[in-house]
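Structural overview
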Amino acid sequence: MTETADPLVLFMPSGKRGRFPVGTTVLEAARSLGVYVESVCGGRATCGRCQIQVQEGHFAKHKISSSLDHISPVGARERRYAEVRTIPEGRRLSCSVQILGDLVVDVPQDTVVNAQVIRKAATDRLFDRNPAIQLCYVEVDEPDMHKPLGDLDRLNVMLEKDWGWKDILISQHLLPDVQKILRKGNWGVTAAIHRDLEGARPNLIALWPGLHNEAYGIACDIGSTTIAMHLVSLPSGRVIASSGTSNPQIRFGEDLMSRVSYVMMNPDGRDAMTKAVRQAVNELTVQVCHESGVDPNDILDAVFVANPIMHHLFLGIDPTELGQAPFALAVSGAVHTWSREIDLAINHGARVYLLPCIAGHVGADAAGATLSEGPHRQDKMMLLVDVGTNAEIVLGNRDRVVAASSPTGPAFEGAEISCGQRAAPGAIERVRIDPQTLEPKFRVIGVDHWSDEEGFAEEAEKTGITGICGSAIIEVVAEMFLSGIISEDGVVDGDMAARSPRILASGRTFSYLLHDGEQRITVTQNDVRAIQLAKAALYAGIKLLMEKQGVDTVDTIRFAGAFGSFIDPKYAMVLGLIPDCDLSEVKAVGNAAGTGALMALLNRDYRREIEETVRRIEKIETALEPKFQEHFVYAMALPNKVDSFPQLATVVTLPARKVPADGGEPGGRRRRRGRD
Ligand code: FES
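Owing to the predicted nature of the structure, the values given are computational and were not obtained by experimental measurement. (Residues numbered from 1 in each chain as written. Predicted model: local features only at pLDDT ≥ 70, side-chain atom pairs only at ≥ 80, totals over all residues. Heavy atoms only, no water.)

A closer look at the pattern of salt bridges
The cut-off we apply is this: A side-chain nitrogen of Lys or Arg and a carboxyl oxygen of Asp or Glu constitute a salt bridge if their distance falls within 4 Å.
Scanning the model with the defined rule gives 31 salt bridges in all. The partner of Arg520 in a salt bridge is Asp516, and the shortest N-O contact between them spans 3.2 Å. Here the salt bridges share partners, and the residues they tie into one network are Asp196, Asp301, Arg607, Arg608 and Glu611.

This is how it looks when you write it as structure tokens:
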């Protein structure tokens, strides 16, 4: 048979294809093409991890006629496996299936051999898998007086013979137990091998007697206020539990800078905060394991993302340098370490990987979001914004990526707002204002109806109407602007008091009465100012990056983080948080940083991708850019003093700009002579 006459095998969903001699196993074919098919038992048909499904039919697009007749029938080994464990209908063990003709082979993305309950999918996206951990079952020769090779050495021989692992590094903590484990397993053991960097020595990190089928990983985003974690089955790639907890460091300081100050003022401050965050991570790990019936000892890999200060505190590094220029990171590259080095309550030999930080204010969390959304993978100019107390901003495409952070402060999260509160039942989350009557209607978290609908009052009795959360603060200020209650400079117009009793005088300024009940909920002049300051900081940062890229518009905008998931992009644009853009191109992407961590956990190629990308990203320090202040001043106006929003204007009627009496530009901008 000539080489070209060999059967053609196409693997889905990867689309990888190749020709293989008749008799090659499907597992071998997958391996040689780099298609990830899990195997723990090394092709002994005992682990059941290598399941595939052959598709039948003529696939005209691929010019392949695939049939069950083109594979070897179920043999003794597969029958034996099926007697002990169930195998879903249509599935075969690829290690035992020989190729006899052309095939289209489906590699199921949901191979969950031990039927873990899937609690919550972190993301609907499927990622190619190439984890840093591999479970390898071997049968080791029994000791022989005539061949005085140690037990561990004979284990190494088999790991090389069966799995090709050469020059294995043994985690020292395993040495005292190796002999016991080998005997307990009657010389059959499962070794967990870690290899992340290509060319690095493989590391034996865990060993179990007999066949051990389970390996888990955690992907964790350590935010200043919240820590979010996914527990993932490494062989199947499925997220089996996700949970979050608040960051206990809040008791040392609400925002990042106050936590840095705490470290500076208290000799044991760093230690206390490191302990607190590690303890929270450990408690969260126990929680996700408990929810899904997983033994924390089976967690062998952990990937973390965090902003630079959280990143440093988690690793036990003093973050003082990050509190002052030049905002020097102790380490900016990816960190590879061991669970035991940072007191994680998972397998003693588990490995830990932290994504690289982009800059002193743009952390591994922004790197995670970048990996997830991939501005560097596309032609479009993508703006990626993660709004927190510090907004992290990334702008770019496959040619060039720039990044910065902007000190937005906590206003977007409801802090600094007189009636602000976190998003919880009772909080107002949506607001509309009638431009004629200036009467509002709103929605409250935990209540199904709008406030002007029947049934609202009864339902709201249960939750109360307690404050305004972040998403509604954006909407109410935007609606106040659209209905003329505030001017483009953000001043609550006292003349409106003649038109509506909702405009209240408070000292020399005015407020808008959003709700008058048990709790009076008003939007004050100071609240509007706080939002203006926050949004101006964000927009000025974005403008700096747009200037660096030499663009006037962006093609697509991604809002990462919890805040982005709740705000309506239209209102964000009305306020001028973000530049003008086709609204259909503005999307909230949830915890993109956490998704990036998940990707890096499931596939070490993503680690290399983000390490390379971060090296290429140009960092802009907003505090050092002379034009930041100018952009900031223009961005104080709604939506902006100088920038226009033509795409937004097609869907929203923006109030006409006032032209000042001196004939200058709206808002008093005058052209600087002889300079620009
Ligand atoms: Fe273990 Fe096929 S590789 S069953």
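A few points about the packing of aromatic side chains
This is how the line gets drawn: To pair, rings of Phe, Tyr and Trp, with the six-membered ring standing in for Trp, must have centres within 6.5 Å; the planes then decide the type, stacked if under 30 degrees apart, edge-to-face if over 60, and tilted in the middle. Elements are defined by DSSP. Helices are runs of H or I of four residues or more, strands are runs of E of two residues or more, and each kind is numbered from the N terminus. The buried label applies to any residue whose accessible area, calculated with a 1.4 Å probe on protein chains only, is under 20% of its type's maximum; exposed applies above 50%, and partly exposed to all values in between. Look at NZ for Lys and CZ for Arg. If either is within 6 Å of the ring centre and within 35 degrees of the ring normal, a charge sits over the ring.
Per the stated rule, a full pass over the model turns up 4 aromatic pairs. Between Phe252 and Tyr262 the ring centres are 4.9 Å apart and the planes differ by 55°, which places this aromatic pair in the tilted class. Of this pair, Phe252 sits in the loop between β14 (239-246) and α5 (256-265) while Tyr262 is found in helix α5, placing the two residues 10 residues apart along the sequence. Residue classification places Phe252 among the buried positions, given a relative accessible area of 13%. For Tyr262, a relative accessible area of 24% gives the class partly exposed. With a centroid separation of 4.6 Å and an interplanar angle of 45°, the aromatic rings of Phe304 and Phe314 are classed as tilted. Linking Phe304 in strand β15 (residues 299-306) with Phe314 in helix α7 (residues 308-315), this pair joins segments that are 10 residues apart in sequence. Across this residue pair, the class does not change: Phe304 and Phe314 are buried. Lys441 extends its terminal NZ or CZ atom over the ring of Trp450, reaching a point 5.1 Å from the ring centre.

Looking at the sheet that holds strand β23 (residues 467-468)
Spelled out, the test is: The rule for pairing is simple: two strands pair if DSSP sees at least two bridges between them. By definition in these notes, contact holds between two residues if any of their heavy atoms fall within 4.5 Å. Lines fitted to C-alpha atoms define the axes here, with helix axes fitted over just the stretch in contact, and angles between the N-to-C directions of these axes take values from 0 to 180 degrees.
Taken in spatial order, the 3 strands line up as β22-β21-β23 in an open sheet, and their pairing is mixed. Both outer strands of the open sheet, β22 (440-444) and β23, are each paired with one neighbouring strand and no more. Pairing analysis gives 5 bridges linking strand β21 (residues 427-433) to β22, with the strands arranged antiparallel. The residue of β22 that forms the bridge with Ile428 is Val444. Lying over the sheet, helix α10 (residues 470-482) contacts β21 and β23, oriented at roughly 15° with respect to β21.

What about a negative patch on the surface?
Put simply, the rule reads: Here the term patch refers to residues with relative accessible area over 30% and no salt bridge, with like charges joined within 9 Å and nonpolar side chains (Val, Leu, Ile, Met, Phe, Trp, Tyr) within 5 Å. Each accessible area is a Shrake-Rupley estimate made with a 1.4 Å probe; only the visible protein chains count as cover when residues are assessed. Counting rule for charge: Lys and Arg are taken as positive, Asp and Glu as negative, and neither His nor the chain ends is counted. Charge positions come from single atoms, namely NZ of Lys, CZ of Arg, CG of Asp or CD of Glu.
There is a patch of like negative charges on the surface, built from Glu454, Glu458, Glu461 and Glu518. Inspection of the secondary structure puts Glu461 in helix α9 (residues 456-463).

Here we look at the environment of Gly185
On the secondary structure map, Gly185 appears in the loop between α4 (178-184) and β10 (188-194). Looking at Gly185, the relative accessible area reads 17%, which means it is buried. The spacing of Gly185 and Ile52 is 133 residues in sequence and 29 Å in space, taken between C-alpha atoms. If near-sequence neighbours (up to four positions away) are discounted, Gly185 is found in contact with Pro209 and Gly210.

Digging into the nonpolar core
Spelled out, the test is: Buried residues of nine kinds, namely Ala, Val, Leu, Ile, Met, Phe, Trp, Tyr and Cys, make up a nonpolar core once their side-chain atoms join them within 4.5 Å.
The biggest cluster of nonpolar side chains holds 77 residues, and the ones touching the most others in it are Phe412, Ile428, Met480, Leu514, Leu538, Leu577 and Ile578. Ranked by residues supplied to this core, first place goes to helix α11 (residues 525-549) with 13 residues. Setting aside anything within four residues of it in sequence, one finds Leu538 in contact with Val385, Val387, Ala391, Ile393, Ser406, Thr408, Phe412 and Leu577. Counting residues in each nonpolar core, the second largest holds 46 residues, with Leu234, Ala367, Ala592 and Leu601 among its members.

Quick word on the sheet that holds strand β29 (residues 618-619)
Strand order across the open sheet formed by 6 strands is β28-β27-β18-β19-β20-β29, with mixed pairing between neighbours. Here the strands that pair on one side only, and so sit at the sheet edges, are β28 (586-588) and β29. As judged from the 5 bridges shared by strand β18 (residues 382-386) and strand β27 (residues 556-560), these two strands associate in the parallel manner. Within the sheet, the bridge partner assigned to Leu383 lies in β27 and is Ile557.

Quick notes on the packing of helix α14 (residues 592-602) against helix α15 (residues 604-616)
Convention followed: For classification purposes, an angle smaller than 35 degrees is called roughly parallel, one larger than 145 roughly antiparallel, one from 65 to 115 roughly perpendicular, and anything else oblique. Note that Gly is not counted as nonpolar here; it falls among the polar residues with everything else outside the nonpolar set of Ala, Val, Leu, Ile, Met, Phe, Trp, Tyr, Cys and Pro and the charged set of Asp, Glu, Lys and Arg.
It is the contact of α14 with α15, at a shortest axis distance of 5 Å, that shows an interaxial angle of 125°. With respect to each other, α14 and α15 are oriented oblique. Counting all contacts with α14, which are made through Met599, Ala600, Leu601 and Leu602, the residues of α15 involved are Arg604, Tyr606 and Arg607. When the residues that make up the contact of α14 with α15 are grouped by side-chain class, the tally is 5 nonpolar, no polar and 2 charged.

Here's the deal with unusual backbone geometry
The omega angle of the peptide bond from Met12 to Pro13 is 5°, so this bond is cis rather than trans. Relative to the elements of secondary structure, Pro13 occurs in the loop between β1 (8-12) and β2 (17-19). For the peptide bond that leads from Ala325 to Pro326, omega is 5°, which places it in the cis range. Along the chain, Pro326 falls in the loop between α7 and β16 (335-338). The residue Asp167 is not glycine, and still its phi comes out positive at about 55°. Mapping Asp167 onto the fold places it in the loop between α3 (151-163) and β9 (169-170). With phi around 55°, Asn186 is a residue other than glycine that occupies positive phi space. Given the relative accessible area of 60%, Asn186 is considered exposed.

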